Amino acid sequence: MSARVRAGLAICALALAGALALWANGFGIPPVPATAPGTLPAPTAAASTPTPFVPSMAGTRPDGLPNTAAGAALKVDAELRHLFDYYLSALGEAGLPAIRAGIERELEQRLAPAAAAQAKRLLGQYLAYKRALAEAERGQGAPASGASFAAAARNRLLAMQELRKRYFSPAEAAGLFGDTDARDQDAIARLEVVDDKTLSPAQRLQRMADLDRKLPPALQEERTAPQRILNIEQQVETARKGGAGEDELFRLRAAAFDPQAAGRLAQLDREQADWLRRIAAYRSASAGLAGNQAAIQQLRDSLFTSFEQKRLGAYE
């Protein structure tokens with residue numbers, strides 16, 4: 001099998017996996033119940049380590065970056081939806097009223113008063129839309145007999161877009177969902193290419209290449225970013241083996257990305273080095289404990305958090 005054909009099949013597999021994920025997750029929109037029990041207290045005053053909204057969010061920060069300029073009008077875009085979804089992912093640990101209150105507090109802190117009021121209105125519309133979507137999903141029957149997966153997925157996307165018209169203006173819908181719609185439409189188009197039995201392997205590869213060229217710039221960047229990162233990290237590893245210092249590695253990454261990204265990657269390096277150091281210390285110390293489980297657990301507790309201990313099985 002030629003390299004081009006293997007590459008084409010890999011693209012097809014990625015498209016299929018992406019569309020299956022969209023299907024399983026309702027195109028990335030989990031249901032929101034009309035009501036949910038439980039509340040959480042308001043966050044306490046900010047400290048050096050902010051209190052997580054729910055325990056599972058420890059070590060994270062809210063997604064989305066709504067504009068914060070004083071007096072600025074609200075920019076309705078995917079960042080706002082990411083902020084909503086970050087908090088909504090806490091359903092199960094917190095009730096919907098507490099989650100909505102948490103989102104509204106975040107909006108008040110980040111946005112000018114007029115923009116915050118607009119964002120709160122959109123939040124209400126978003127929650128109503130998600131409830132309606134969940135109800136529509138429950139009432140949706142199985143795809144028509146003989147319908148292809150791609151056709152069923154496209155019909156599903158069109159139904160979602162039609163439902164949004166009840167809750168959002170065209171500009172609001174485009175801002176909130178334009179990025180996900182572009183991804184979904186691309187994944188479905190690739191599935192349609194895979195399903196088309198009239199195409200030869202060469203024609204299939206050509207159609208995939210045509211779809212690549214039609215991708216919006218943001219999606220093209222998403223597709224190429226992982227390979228770019230791998231290429232730079234290979235250069236970093238080569239430079240490190242050649243004796244390069246941390247400053248030189250930082251400059252190499254900053255030139256490829258930006259100083260902020262270089263700083264985050266350097267922090268990941270430090271965290272990985274610390275993790276490996278603690279693993280080595282754990283292995284060395286536990287070897288001398290002759291299987292004493294109480295002592296081994298005490299050692300684990302001294303070196304790792306409860307969350308980190310879940311990863312230890314791979315190193316034992």
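To be clear, the structure that these remarks concern was listed above.
Our subject in this report is the structure included herewith. (Residues numbered from 1 in each chain as written. Predicted model: local features only at pLDDT ≥ 70, side-chain atom pairs only at ≥ 80, totals over all residues. Heavy atoms only, no water.)

## Points about the pattern of salt bridges
Moving on, step 1. Enumeration over the complete set of coordinates arrives at 23 salt bridges.
Moving on, step 2. Of the charged contacts in the structure, one is a salt bridge between K120 and E108, with a shortest N-O distance of 2.4 Å. Of this pair, K120 sits in helix α4 (residues 113-139) while E108 sits in helix α3 (residues 96-110), placing them twelve residues apart in sequence.
Moving on, step 3. Owing to a relative accessible area of 46%, E108 belongs among the partly exposed residues under this scheme.
Moving on, step 4. A salt bridge links R278 to D274, with the shortest nitrogen-to-oxygen separation between them at 3.0 Å. Of this pair, R278 and D274 are both found in helix α10 (residues 259-287), four residues apart, which corresponds to roughly one turn of the helix.
Moving on, step 5. Its relative accessible area of 30% is what places D274 among the partly exposed residues.
Moving on, step 6. Because the salt bridges share partners, they merge into one network encompassing R81, D85, K130, D179 and R183. (Salt bridge = Lys/Arg side-chain N within 4 Å of Asp/Glu carboxyl O. Helix = DSSP H or I, 4+ residues; strand = E, 2+ residues; numbered from the N terminus. Buried < 20%, exposed > 50% of the residue type's maximum accessible area, 1.4 Å probe, protein only.)

## Remarks on helix α5 (residues 149-164)
Moving on, step 1. Relative to the 22 Å expected for 16 residues at 1.5 Å per residue, α5 spans 23 Å between its end C-alpha atoms, a close match to the ideal helical length.
Moving on, step 2. Those residues of α5 that sit buried are A150, A152, A153, R156, L157, M160, L163 and R164. Buried residues along α5 cover an arc of 165 degrees about the axis, so they all sit on one side. (Expected span 1.5 Å × (residues − 1). Arc of directions from axis to C-beta.)

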